[in-house]
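Survey of secondary and tertiary structure
Below, each chain spelled out in residue letters.
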Amino acid sequence: MVVFSFQTAVSTIYPPRCLGCGDKVLSDFGLCGPCWRDTLFIGGTICDSCGVPLPGEDRDETLKCDDCMRNPRPWSRGRSALIYKDNGRRLVLGLKHGDRQEIAKPAAQWMAQAMSDIPKENLIIAPVPLHWTRMVKRRYNQSALLAQALAKQTGLPVCPDLLQRPRRTPPMEGMTREVRFSSVKGAISVHPRRRHRLVARPVLIVDDVLTSGATLAVAADACLAAGSGPVYVVTLARTVKDA
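Each value, and the rule that gives it
- Residues numbered from 1 in each chain as written.
- Predicted model: local features only at pLDDT ≥ 70, side-chain atom pairs only at ≥ 80, totals over all residues.
- Heavy atoms only, no water.
- Pairing = 2+ DSSP bridges.
- Helix = DSSP H or I, 4+ residues; strand = E, 2+ residues; numbered from the N terminus.
- Axes fitted to C-alpha atoms, helices over the stretch in contact; angles between N-to-C directions.
- Contact = heavy atoms within 4.5 Å.
- Phe/Tyr/Trp six-rings, centres within 6.5 Å; stacked < 30°, edge-to-face > 60°.
- Buried < 20%, exposed > 50% of the residue type's maximum accessible area, 1.4 Å probe, protein only.
- 1 Å grid on protein atoms, 1.4 Å probe; cavity = no way out; pocket = protein on both sides within 12 Å on 5 of 7 lines; lining within 4 Å.
- Points joined across faces, edges and corners; volume = space filled by probe spheres on them.
- Nonpolar A, V, L, I, M, F, W, Y, C, P; charged D, E, K, R; others polar.
- Salt bridge = Lys/Arg side-chain N within 4 Å of Asp/Glu carboxyl O.
- Disulfide = S-S within 2.5 Å.
- Expected span 1.5 Å × (residues − 1).
- Polar contact = N/O pair within 3.5 Å; in protein donor to acceptor, adjacent residues only side chain to side chain.

Moving on, we come to the sheet that holds strand β5 (residues 203-210). Adjacent strands of a sheet pair through backbone hydrogen bonds, lying either parallel or antiparallel. Ordered by their spatial adjacency, four strands build an open sheet running β1-β6-β5-β2, and the pairing between neighbours is parallel. In this open sheet, the two strands that pair with only one neighbour each are β1 (77-83) and β2 (124-127). For this sheet, the mean angle separating the axes of adjacent strands, direction not counted, is 25°. Looking at chain direction, β2 and β5 are connected through four bridges and run parallel. Across the sheet, the residue bridging to Ile124 is Val203, located in β5. In this fold helix α5 (residues 104-114) packs onto β1, β5 and β6 (231-238), with an angle of close to 135° to the strand it touches most, β1. Contacting β2, β5 and β6, helix α7 (residues 142-154) runs over the sheet at an angle of about 130° to β5.

Spelled out as structure tokens, the structure:
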């Protein structure tokens, strides 16, 4: 007589599905072979500030891309797990607009690996906030989902409302870099009742995508102005020119 466990029965009725295409896979929250090949994970030589891939072999020295040398970031280190293209783009859009909240768990695993060299001592996680009007429309903040999943993955504390967004900003798709930065200036601040949690303490800001870095820069500036320690950023994906 064969005795099936409850988990086996559930797996038989609801077999694990690929996060990308929905085909059957061996385990939950996985990617099938074709989708894995179509997901561009960031590795090797990267810019220490923004995490963009750089040409050449991976070396121990700290490198910065031309953009970060021309326009220094307010945060200390930035990391991203995926390039925002092909399946990476589909995963981000599914999480952000498609109510695919289950993507947050594997995304946090990838993000934790990407930020493995960021110092963890006394580090607190904070998501990029949504304005309340967008929260009502979308029903959840995808950055907060990623932050909470990352906290579980790493064991680090998270403060979901450490940052707030009192001013609504327009969608930034199609904007130039200059317009992006001017449109979000002053749009994010530290919650006055949470400031004590970041004073003299390193902060890890979490978002879904890094494009120009305008939103993350405003969030980092807010933390530093409130008296935080060094600020780090990590995103699920980042855009890359000519990717």
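With that settled, consider the packing of aromatic side chains. Within this structure, the stated rule accounts for two aromatic pairs. Seen in terms of ring centroids, Trp36 and Phe41 are 4.8 Å apart; in terms of plane orientation they differ by 35°. Their pairing is tilted. In this structure Trp36 comes out as partly exposed when scored by relative accessible area, which is 47%. Ring geometry for Phe41 against Trp110: centres 5.3 Å apart, planes inclined by 85°, an arrangement best described as edge-to-face.

Another aspect to go through is the environment of Val136. Relative to the assigned elements, Val136 resides in helix α6 (residues 132-138). Residue classification places Val136 among the exposed positions, given a relative accessible area of 58%. Sequence separation between Val136 and Glu173 is 37 residues; the distance between their C-alpha atoms is 21 Å.

In this model, the largest pocket occupies a volume close to 740 Å³. What lines the largest pocket is a set of 34 residues, and nearest its centre among them are Lys96, Met172, Glu173, Asp208 and Thr215. Only α4 (87-97), α6, α7, β5 and α9 (214-225) provide two or more residues apiece to the lining of the largest pocket. Taken together, the residues of the lining of the largest pocket break down into 13 nonpolar, eleven polar and ten charged.

Right, let's get into the pattern of salt bridges. Here the structure, examined in full by the defined rule, presents eleven salt bridges. Linking Asp38 and Arg90 is a salt bridge whose minimum nitrogen-to-oxygen distance equals 2.6 Å. On the criterion of sequence distance, the pair formed by Asp38 in the loop between α2 (33-37) and α3 (66-70) and Arg90 in helix α4 is long-range, its members being 52 residues apart. On the basis of relative accessibility, which here comes to 27%, the residue Asp38 falls in the partly exposed class.

For the rest of this paragraph, the subject is the state of the cysteines. Scanning the model with the defined rule gives zero disulfides in all. There is no disulfide at Cys35, and the cysteine sulfur nearest it, in Cys32, is 3.6 Å away. With no disulfide of its own, Cys47 lies 3.8 Å from the sulfur of Cys65, the closest cysteine sulfur. Residue class for Cys47 comes out buried when judged on its relative accessible area of 0%.

What follows is about α7. Taking 1.5 Å as the rise per residue, α7 with 13 residues should run 18 Å; its terminal C-alpha atoms sit 18 Å apart, in good agreement. All buried positions along α7 are accounted for by Gln142, Ser143, Ala144, Leu145, Leu146, Ala147, Ala149, Leu150 and Ala151. Packed against the buried residues of α7 are α4, α5, β2, α6, β5 and β6. Structurally, the start of α7 carries an N-cap: the backbone nitrogen of Ser143 is 3.0 Å from a side-chain oxygen of Asn141. The first or second residue beyond α7 is Gly155, which carries a positive phi of 80°.

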